[in-house]
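Here is how the chains run, residue by residue.
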Amino acid sequence: MPETIDWPPHAKPSGLRSVFLVIAVIVALVLFGGRAAISWWVNLLWFRSLGYEAVFWKTWGLQWGTFATFAALTFLIVYGGMAALKHAHAADLPETYTIYFAGRPISLPVGRALHFAAVLLSFFIAVATGAAIGSEWPSLALYWNAPNATGIIADPIFRRPLNFYLFTLPAWQLISGWLMTLAILLCIAAAVFLLLSGGSRALDRLSSGRSGASVWRGVSMAFGFLLLTLALREYIARYELLFEHHTIFDGVTYTDAHINLIGMLLISAALLLGAMIAIIGGIARPRGRWLIAAVVPALACYAVTGVFGWYVTTFLVKPNQLDRERPYIADNIAFTRQAYGLDRFSQREFPAETTPGAADPDANQATLVNIRLWDVQALQDTLRQVQEIRTYYDFPDIDIDRYEIGGSLREVMLADRELNVDKLPESSRNWINDRLIYTHGYGITMNPVNGFTAEGLPTLYLSNMPVQSTAPGLAVTRPEIYFGEMTNGDVYVKTHQQEFNYPEGQSNNLNSYEGAGGIVLGGFLRRALIAFDRGDIAKVPFSDDITSESRLLMRRNVRDRVAALAPFLTFDQDPYIVLGDDGRLYWMIDAFTSSDTYPYSTHSNMGGASVNYMRNSVKVVVDAYNGTTAFYVFDNADPILAAWRGIYPGLFQDAAAMPEQLRRHIRYPELLLSLQAEIYGLYHMTDPEVFYNREDQWTVATQTGLSDQGEQVAQAMEPNFVLMKLPGEGSLEFVEILPFTPINRNNMIGWIAARSDGEHYGTAVVYDFPKTRLVDGPQQIEARIDQNAQLSGQLTLWNQQGSHVLRGSLLVIPCGKALLYAEPIYLQAQRSPMPELRLVVLALQDRLAYGPNFETALASLFGSAASSLTAAETPPSAQPPATTGTAQPAADIPMLITQANRDFDDYQRLTSEGKLAEAGQKLDDLKRVLSALNTHAQ
């Protein structure tokens, strides 16, 4: 019998309102589609301007190909399933529904309405599903382009090659999840059709089994499809046991290997059997009992597996856990070390002796003159005061690197001076200034890591605007920075408007862009379309300053730039600036491949993502002036990168293609070393019994730092770049070191050195300390500084005199056969944000010394053993001021003796009063007098 719906008067649709609604929808679709098309075209122009048009088309093809394929399949499956359900319920559905429109009855055919609803719903589900699967295109792209698995290691449980876990399994997981979603949707649709076909009446007929065969057929088919997807999901879940985390270790356990894997296979087979029962029963003799019979085998297998698993775990494993789990622990250790590259670490013994002679300062002068005394934050605060020049400049970061200066390799700190338009005076904020005039930063600063002037400021090799150099061989010929870390906005260059270059007294130095970077704006229509996409439609097409030769520089932030070109890589968020031999500035960024499906490897957190495999396979170089970007491959053994190279053959270059002027500045990434150190703390134990008992677990050493609330807290030390000679090595190397302590202990147990130079790049050496000797860790050295009566008294006094004491990062530097600890201490006036170095604290295991500068502290620590650290070897910026005057005649010897006694008395008095800086000056005076006496004695 036809059913009727009588709409109340206020709910009756208005014809005019419907017309307006249709028009609004059409206009919205045109505007949205048109804007998307223009954005797509501008993006193509951007890729083309960088020489990566092929990359754009490949990525676009993969994304839209994936979307279209899965959207089409989803539509066919969902619509086909709904059509089958409609056909199965046709006998129970009313023929028409009657509604009243404007007081007149209108009969709607149910079949057509359901057809329209099925098409519309299937379309929206297909679009949503296609978009979701399309966002996962990298997983499918890797699956389709996986490299040959020949010779690749296999897991010990399933004997599957590594490529299966890195490429095939993620695709299987993605597809099984998609099928599961469709199965659930079809089951929901079956339930809806059941309600539409009469609800309780249909159920009564179904339970009687007399006239509901067609209804049961639809439900059975949908339920059978669901059981099929569950069977597939259970089969795939067997492999996921290799990634499971357990209390002691990760991966397959004894119970998994002997019970759960077999049980899951049986459950999968039972689900497959249940699907066949549901489908065949629904076709042959549709009955409700077939649905119950379909799930019984799977439930039985699940219960039996659970009981057997509990029995084996409780009575076989737990009483003998180490013996039972030993081979599985060994597999977890081996595969974790492979996944994180820990098998590339070598181990050596380090004696960690305590005497000053063990440090051997004469043989380690190159290390001593490169000890970093400038703390990163202190230097950044100082540069912002003395080198920003104008308030709209900023130094976003400090980078540490090595350069050859004056014929010797020196460790230096660099900072790029970028322009921040947000700091322009409000009266200067307009479109012309933001887009055409204030377009770029200017220059860099460079200073030795331990260079200080007499005023406690950094001695700069490169400084000012225009860039001035005080070091031979250092010159910046192209100082303009159009692409950097703070360049977040678009700019237009090669316009009639001159660009601000740098301040020059009361006037400004102006210039015009001379590079080849950016998108050419061209004629009016092209210019208007580009401006529409960039939000400048009201300005660019009508500006007299912009010509057909003008260029748009977009995506100028180097992090955004590389992520847009290669979204499938993970990038270090701390790019560093490099000065090339050609005088140009370049950005270097480390890029990583990662996975969370490496078999038997433990998981770790990297930037909020869970990973259990990581490689630093790519170095990216961005020209700070032109924005040209190059990707260089440094790990040809990485299978994930091999797959991406197959997909994008024109994107990557071999490491040998990197210019030598840049290759000299590659380094071991801090992000990678931090992650490896976290894993190594546990997985350096390769013996399963030691690992099981956690007998020798390490952690990264901690030091005292300030929390966001200004409170002193223990913080894990960050990797420290050091230019030094590694023990047993003959040449100076740029290494990244990190100390370890036993877990929940403060004494040091070892340290790691990640190497960056030459043939040793990408390797690391772990130095183990003797287990029979306690070696002070950073926290213990900090405590010794706090417990030194004179030193702590002076720091307390400074904190009470309108100033604030800032303690720099404590550095742990291997020197000879000993460890040298160094901590700079700064004094910052309350009204000044610029800290000044006031003390340098140096320590060995059993000795602690300090002074107003590095030389004084070093002489106090080593005495005559440091005498060979002459002015010629001391950093030029750290040398004490030269004395003037002529040699004293022999008759003045008594006067020199008197002066020496006076200086010594003053030194003792000032030390007892806690005036350490003045005491240090007196000590310098005493040394000069004694040197003059020694000259006369000869």
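Since the structure is predicted, the reported quantities are computational estimates derived from the model, not experimental observations. (Residues numbered from 1 in each chain as written. Predicted model: local features only at pLDDT ≥ 70, side-chain atom pairs only at ≥ 80, totals over all residues. Heavy atoms only, no water.)

1. Remarks on the overall build of the chain
Link 1 in the chain: Secondary structure assignment for the chain yields 25 helices and 38 strands.
Link 2 in the chain: Looking at the chain residue by residue over its 938 residues, the buried ones come to 51%.
Link 3 in the chain: As displayed, the chain has an accessible area near 41900 Å², and 57% of this comes from carbon and sulfur atoms. (Helix = DSSP H or I, 4+ residues; strand = E, 2+ residues; numbered from the N terminus. Buried < 20%, exposed > 50% of the residue type's maximum accessible area, 1.4 Å probe, protein only. Areas by Shrake-Rupley, 256 points an atom, 1.4 Å probe, with all protein chains shown as cover.)

2. With respect to a nonpolar patch on the surface
Link 1 in the chain: There is a patch of nonpolar side chains on the surface, built from F116, L120, F123, F124 and V127 and spanning about 500 Å² of accessible area.
Link 2 in the chain: Among the secondary structure elements, F124 is positioned in helix 3 (residues 110-134).
Link 3 in the chain: Owing to a relative accessible area of 51%, F124 belongs among the exposed residues under this scheme. (Patch = residues over 30% accessible without salt bridge, like charges linked within 9 Å, V, L, I, M, F, W, Y side chains within 5 Å. Salt bridge = Lys/Arg side-chain N within 4 Å of Asp/Glu carboxyl O.)

3. As for the pairing of strand 35 (residues 811-815)
Both faces of the sheet carry side chains from a regular strand, because those side chains alternate between them.
Link 1 in the chain: With respect to burial, strand 35 is a largely interior element, five of its five residues being buried.
Link 2 in the chain: Here strand 35 shows no split at all, with L811, I813 and C815 on one side and V812 and P814 on the other all buried.
Link 3 in the chain: One ladder, built from five bridges, connects strand 35 with strand 36 (residues 818-829); its direction is antiparallel. Of the residues in strand 36, the one forming a bridge with I813 is L820. (Pairing = 2+ DSSP bridges.)

4. Things to note about the pattern of salt bridges
Link 1 in the chain: For the coordinates displayed, the defined rule picks out 30 salt bridges.
Link 2 in the chain: Ionic pairing is found between R429 and D434, a salt bridge with its closest N-O pair at 3.1 Å.
Link 3 in the chain: According to the relative accessible area criterion, R429 is partly exposed, its value standing at 31%.
Link 4 in the chain: By relative accessible area, D434 is classed as buried at 16%.
Link 5 in the chain: Ionic pairing is found between R807 and E823, a salt bridge with its closest N-O pair at 3.0 Å. With a gap of 16 residues between them, R807 in strand 34 (residues 803-807) and E823 in strand 36 connect regions that are remote in the sequence.

5. Some points on the sheet that holds strand 18 (residues 551-553)
Link 1 in the chain: Pairing in this open sheet of three strands is antiparallel, and the strands run 14-18-17 from one edge to the other. The sheet is open, and its two borders are formed by strand 14 (491-493) and strand 17 (519-520), each paired with just one other strand.
Link 2 in the chain: Relative to strand 18, strand 14 runs antiparallel, the two sharing three bridges. Following the sheet pairing, Y492 is matched in strand 18 by L552.

6. Topic: the nonpolar core
Link 1 in the chain: In this structure, M446, F631, W644, Y648 and F652 are the most contacted members of the largest nonpolar core, which totals 221 residues.
Link 2 in the chain: Once residues lying within four places of it in the same chain are set aside, the contact partners of M446 are Y403, I405, V412, M413, L414, T459, L460, Y461, L462, L474 and L579.
Link 3 in the chain: Counting residues in each nonpolar core, the second largest holds 29 residues, with F193, A270, L271 and A294 among its members. (Core = buried A, V, L, I, M, F, W, Y, C linked by side-chain atoms within 4.5 Å. Contact = heavy atoms within 4.5 Å.)

7. Considering the environment of R238
Link 1 in the chain: If you trace the backbone, R238 turns up in helix 7 (residues 213-240).
Link 2 in the chain: Spatially, the C-alpha atoms of R238 and L265 are 7.6 Å apart, while their sequence positions differ by 27 residues.
Link 3 in the chain: If sequence neighbours within four positions are ignored, R238 has contacts with F158, L261, M264 and L265.

8. Details of the packing of helix 4 (residues 137-144) against helix 17 (residues 639-647)
Link 1 in the chain: Across the interface, helix 4 lies against helix 17 with an axial gap of 9 Å and an inter-helix angle of 90°. What the angle tells us is that helix 4 and helix 17 run roughly perpendicular. Contact residues: helix 4 offers W137, P138, A141 and L142, while helix 17 offers I640, A643, W644 and I647.
Link 2 in the chain: Counted by class, the contact of helix 4 with helix 17 contains eight nonpolar, no polar and no charged residues. (Axes fitted to C-alpha atoms, helices over the stretch in contact; angles between N-to-C directions. Parallel < 35°, antiparallel > 145°, perpendicular 65-115°, else oblique. Nonpolar A, V, L, I, M, F, W, Y, C, P; charged D, E, K, R; others polar.)

9. Structural notes on the packing of helix 10 (residues 321-339) against helix 19 (residues 670-683)
Link 1 in the chain: The geometry of helix 10 relative to helix 19 is characterised by a closest axis approach of 11 Å and an angle of 155° between their N-to-C directions. Between helix 10 and helix 19, the crossing angle belongs to the class labelled roughly antiparallel. Crossing angle aside, the handedness with which helix 10 passes helix 19 is left-handed. Between helix 10 and helix 19, the residues in contact are N332, I333, T336 and R337 and I679, Y680 and Y683, respectively.
Link 2 in the chain: Tallied by class, residues from the contact of helix 10 with helix 19 come to four nonpolar, two polar and one charged. (Left-handed = near helix turned anticlockwise from the far one by under 90°.)

10. Structural notes on the packing of aromatic side chains
Link 1 in the chain: The tally for this structure, following the rule as stated, stands at 54 aromatic pairs.
Link 2 in the chain: Residues F123 and F124 carry aromatic rings whose centres are separated by 5.7 Å and whose planes lie at 70° to one another, so their mutual orientation is edge-to-face.
Link 3 in the chain: Classification of F123 as partly exposed rests on a relative accessible area of 45%.
Link 4 in the chain: An angle of 90° between the planes, with centres 5.9 Å apart, marks the rings of F350 and W751 as edge-to-face. Here W751 lies in strand 32 (residues 750-755) and F350 lies in the loop between strand 4 (345-349) and helix 11 (356-359), a separation of 401 residues in the sequence.
Link 5 in the chain: Among the residues examined, W751 registers a relative accessible area of 3% and is labelled buried. (Phe/Tyr/Trp six-rings, centres within 6.5 Å; stacked < 30°, edge-to-face > 60°.)

11. Things to note about the confidence of the model for the chain
Link 1 in the chain: For the chain, mean pLDDT is 86; residues scoring 70 or higher make up 84% of the total.
Link 2 in the chain: Under a pLDDT of 50 for its full length, residues 1-13 has, in the predicted model, 17 contacts with residues more than four places off or in other chains.
Link 3 in the chain: Here residues 870-891 is a poorly scored stretch, pLDDT under 50, and it has 28 contacts once near neighbours within four places are set aside; other chains count. (pLDDT = per-residue confidence, 0-100.)

12. With respect to the pairing of strand 16 (residues 507-511)
Link 1 in the chain: Inspection of the sheet shows strand 15 (residues 499-504) paired to strand 16 by five bridges, in the antiparallel sense. Within the sheet, the bridge partner assigned to E499 lies in strand 16 and is N511.
Link 2 in the chain: With antiparallel pairing between neighbouring strands as the criterion, strand 15 and strand 16 make up a hairpin whose turn holds two residues, including G505 at a positive phi of roughly 65°.

13. Brief notes about unusual backbone geometry
Link 1 in the chain: Here the residue pair M465 and P466 is connected by a cis peptide bond, since its omega of -5° sits within 30 degrees of zero.
Link 2 in the chain: Looking at the secondary structure, you find P466 in the loop between strand 11 (462-463) and strand 12 (468-469).
Link 3 in the chain: Look at I389: it is not a glycine, yet its phi comes out positive at around 70°.
Link 4 in the chain: Tracing the backbone through its elements, the reader meets I389 in the loop between helix 13 (376-386) and strand 5 (393-394).
Link 5 in the chain: Non-glycine residue R555 carries a positive phi angle of around 50°.
Link 6 in the chain: Relative to the helices and strands, R555 resides in the loop between strand 18 and helix 16 (558-565).

14. Here's the deal with the side chain of N720
Link 1 in the chain: Looking at where N720 falls in the secondary structure, it is placed in strand 30 (residues 720-724).
Link 2 in the chain: Judged by its relative accessible area of 8%, N720 is buried.
Link 3 in the chain: Ignoring anything within four residues of it in the chain, the contact list for N720 reads R372, V735, E736, I737 and L811.

15. A few points about the side chain of Q676
Link 1 in the chain: Following the sequence through the fold, Q676 ends up in helix 19.
Link 2 in the chain: Judged by its relative accessible area of 3%, Q676 falls in the buried class.
Link 3 in the chain: With near-sequence residues (within four places) excluded, Q676 lies in contact with Y340, G341, L342, F345 and Y668.

16. Re the environment of N464
Link 1 in the chain: Looking at the element boundaries, N464 is found in the loop between strand 11 and strand 12.
Link 2 in the chain: Residue N464 is classed as partly exposed on the basis of its relative accessible area of 24%.
Link 3 in the chain: For the pair formed by N464 and Q387, sequence separation is 77 residues and the distance between their alpha carbons is 6.5 Å.
Link 4 in the chain: Setting aside chain neighbours within four positions, we find N464 in contact with Q387 and R417.
Link 5 in the chain: One polar contact links N464 to S463, side chain to side chain, over a distance of 3.5 Å. (Polar contact = N/O pair within 3.5 Å; in protein donor to acceptor, adjacent residues only side chain to side chain.)

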